[in-house]
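Here are the chains, one letter per residue:
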Amino acid sequence: MSVFSSVAPSAGVVSFEVARRLVERHSLSVCPRAVETVDLLAGLGRVLAEGIVADRDFPPFARATRDGYAVRAADLAEVPVQLELAGEVKAGEWPEPGLCTVGCGQAVGIMTGAPLPPGADAVVMAENTSLTDHAVEVRRRVGVGENFVSRGTEALAGQLLLDRGRRLDHTGVAIAASVGKSRVEVFRKPRVGVLSTGDEVVEIDATPGPAQIRNSNSYSLAAQVQNAGGEAVRLPIAPDERGRLRALIEQALIEEGLGCDLLLLTGGVSMGKYDLVEQVLSELMADFYFTGAEIQPGRPVVFGSCGEGVLASADGHDSAADGEFAAGTQAGAPAPRRKYFFGLPGNPVSTMVTFELFARPMIEALAGMTPRPLIFLRARLKSEIRTKTGLKRFLPAVLSGQFENAEVELARWQGSGDIASLARANCYLVIPPERQRIEAGEWVPLLMRTG
Ligand code: AMP
Ligand code: MG
């Protein structure tokens, strides 16, 4: 519980930085539930539950990096020089000593990827030679060690190449393949409940009434969850009615069959008369870590958890004994069965931004990764911005420009409901809370949009 004791009970509206740090700290207390073994390519995007180790030296032999001739560098002290051609090694062939050795005044033809023959200490590129009958004329000197990679210089047998907890991308797949891992152990994906709330919200295949809107949030969130390495469990839409909302939240947090590790709610967290999410979660004895962040869009975002006791008594389970946190937990110290939730604002852009800023690290941690830090880049602002002070803004923006000359400008947008604006954007321009005016040409921070 050390994580919690060092985190102040900061329910209330906090700065962006405090909110982000609170999520990061809490994400240290969660871990994935189980491990499975999958085919290597099915492991793409999954998080390794095992370290990947070099099964032999890399490269496994001194490997030529150029087509040309294996030589003794000392023979090229004066160029041009004629060397006797003593053989050839192709990639995939092993140069047998005696048959293919580079002696004084000799050269052996060699192809990229072939092992350096005995006696050689450098490779001269074919471009710097010409071939005559049984002799090679070399026109350029090479130093010892040039144009080949010595055995074991990339990695030694037994060396850890990929850490447990690393999400497999194509480079990780290449490493696993190179050490012969056709199957890999990965963590089971966390299951993330997605619960949209609102009397006006209808399913996407329904014909909306004049004042209704389709439930796009459940889908955008499910997509973001998948992108972050989780598995989304889309729940039915909850109306703005206390009883039904509570039943659905309880179901998501408690029902073993659903097996949700985290709950994302959308809507119902603002100040309106029918914004009931916080009230209902309070009735369920939730702990709140923040109930708003000084950001725009997304100010009403809520982060909290339902504690061990409440969940255990509600579903009649002993949390410490049910083994749910077995994987990755130290023996004798089971992690508390604490389920985290985020209440994200219902406006679609706010939902997507707050997911990116706050929910993603928790999903990454539940998936077995060390959450990735937010990386802020900088680019030159294309045209002046005027805004109000007080909130840190993450506004949809377009990063463009030729080659190294990156420029950024705000995407046209009509506010937090404007999904099309975010779809046109490829990043968020970040405006510090104290800035009222930013001139064209200034270097401004931005955050790339993932997915
Ligand atoms: P709320 O945060 O509940 O006040 O919702 C703010 C606005 O977000 C609503 O007026 C809707 O226009 C929109 N909204 C709420 N829930 C959804 C949803 N599930 N899908 C799309 N838009 C939504
Ligand atoms: Mg609502």
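First things first, this report covers the structure right here in the doc. Quick caveat, the model's predicted, so the values are computed rather than measured.

This part takes up the packing of aromatic side chains. All told, the structure shown has ten aromatic pairs when counted by the stated rule. Each ring, one from Tyr 289 and one from Phe 303, has its centre 5.1 Å from the other, and the planes form 55 degrees; the classification is tilted. Taken together, the positions of Tyr 289 in strand β19 (residues 286-290) and Phe 303 in strand β22 (residues 302-306) put the pair 14 residues apart, joining distant regions of the chain. Assigned by exposure class, Tyr 289 and Phe 303 land together as buried. Residues Tyr 289 and Tyr 340 carry aromatic rings whose centres are separated by 6.2 Å and whose planes lie at 45 degrees to one another, so their mutual orientation is tilted. Here Tyr 289 is found in strand β19, whereas its partner Tyr 340 is found in strand β23 (residues 339-344), with 51 residues between them in sequence. This pair shows no difference in class: Tyr 289 is buried, exactly as Tyr 340 is. Ring pairs connect the aromatic residues Phe 16, Tyr 289, Phe 290, Phe 303, Tyr 340, Phe 342, Phe 358 and Phe 394, which therefore count as one cluster.

For the structure shown, the criterion picks out 24 salt bridges. Between Glu 250 and Arg 246 there is a salt bridge; the shortest N-O distance is 3.4 Å. Of the two residues, Glu 250 and Arg 246 are both situated in helix α5 (residues 242-254); the distance of four residues between them amounts to about one turn of the helix. By relative accessible area, which is 26% here, Glu 250 ends up partly exposed. Given a relative accessible area of 28%, Arg 246 falls into the partly exposed group. Residues Glu 384 and Arg 437 are paired through a salt bridge, measuring 2.7 Å at the closest nitrogen-oxygen approach. Of this pair, Glu 384 sits in the loop between β24 (376-381) and β25 (385-386) while Arg 437 is found in strand β29 (residues 437-438), placing the two residues 53 residues apart along the sequence. Residue classification places Glu 384 among the partly exposed positions, given a relative accessible area of 37%.

Turning our eyes to something else, we now look at helix α8 (residues 348-366). The largest bend along α8 measures about 50 degrees and falls at Ala 359, with the proline Pro 361 one to four residues further on. In terms of burial, α8 is largely enclosed, as 19 of its 19 residues are buried. Trailing α8 by a residue or two, Gly 368 shows a phi angle of about 105 degrees, which is positive.

The subject of this paragraph is the site of ligand 1. In the vicinity of ligand 1, 18 residues are found, and the nearest of them are Asn 215, Asn 217, Gly 268, Gly 346 and Asn 347. In this structure, Arg 214 approaches ligand 1 through a main-chain N or O atom, which is 3.5 Å from a nitrogen atom. In this structure, an oxygen atom belonging to ligand 1 sits 2.8 Å away from a main-chain N or O atom of Gly 346. Against a free-state accessible area of 490 Å², the protein chains account for coverage of 77% of ligand 1. Under a 2 Å grid-point criterion requiring more than half of the atoms, the pocket assigned to ligand 1 is the second largest pocket. Broken down by secondary-structure element, the contributors of at least two residues to the shell around ligand 1 are β16 (213-214) and α4 (216-227). Taken together, the residues of the shell around ligand 1 sort by class into four nonpolar, eleven polar and three charged.

Turning our eyes to something else, we now look at the sheet that holds β23. Strand order in the open sheet formed by six strands is β17-β14-β18-β23-β22-β19, with mixed pairing between adjacent strands. Strands with a single pairing partner mark the edges of an open sheet, and in this sheet they are β17 (231-234) and β19. Taken over all neighbouring pairs, the strand axes of this sheet differ in orientation by 25 degrees on average, direction set aside. On the sheet, α5 packs against β14 (191-196), β18 (262-266), β22 and β23 and is oriented at approximately 155 degrees with respect to β18.

Cut-offs used in this document
- Residues numbered from 1 in each chain as written.
- Chains lettered and ligands numbered in written order.
- Predicted model: local features only at pLDDT ≥ 70, side-chain atom pairs only at ≥ 80, totals over all residues.
- Heavy atoms only, no water.
- Phe/Tyr/Trp six-rings, centres within 6.5 Å; stacked < 30°, edge-to-face > 60°.
- Helix = DSSP H or I, 4+ residues; strand = E, 2+ residues; numbered from the N terminus.
- Buried < 20%, exposed > 50% of the residue type's maximum accessible area, 1.4 Å probe, protein only.
- Salt bridge = Lys/Arg side-chain N within 4 Å of Asp/Glu carboxyl O.
- Bend = angle between axes of the 7 residues up to and from the residue.
- Near = heavy atom within 4 Å.
- Polar contact = N/O pair within 3.5 Å; in protein donor to acceptor, adjacent residues only side chain to side chain.
- Areas by Shrake-Rupley, 256 points an atom, 1.4 Å probe, with all protein chains shown as cover.
- 1 Å grid on protein atoms, 1.4 Å probe; cavity = no way out; pocket = protein on both sides within 12 Å on 5 of 7 lines; lining within 4 Å.
- Sits in = over half its atoms within 2 Å of the grid points.
- Nonpolar A, V, L, I, M, F, W, Y, C, P; charged D, E, K, R; others polar.
- Pairing = 2+ DSSP bridges.
- Axes fitted to C-alpha atoms, helices over the stretch in contact; angles between N-to-C directions.
- Contact = heavy atoms within 4.5 Å.

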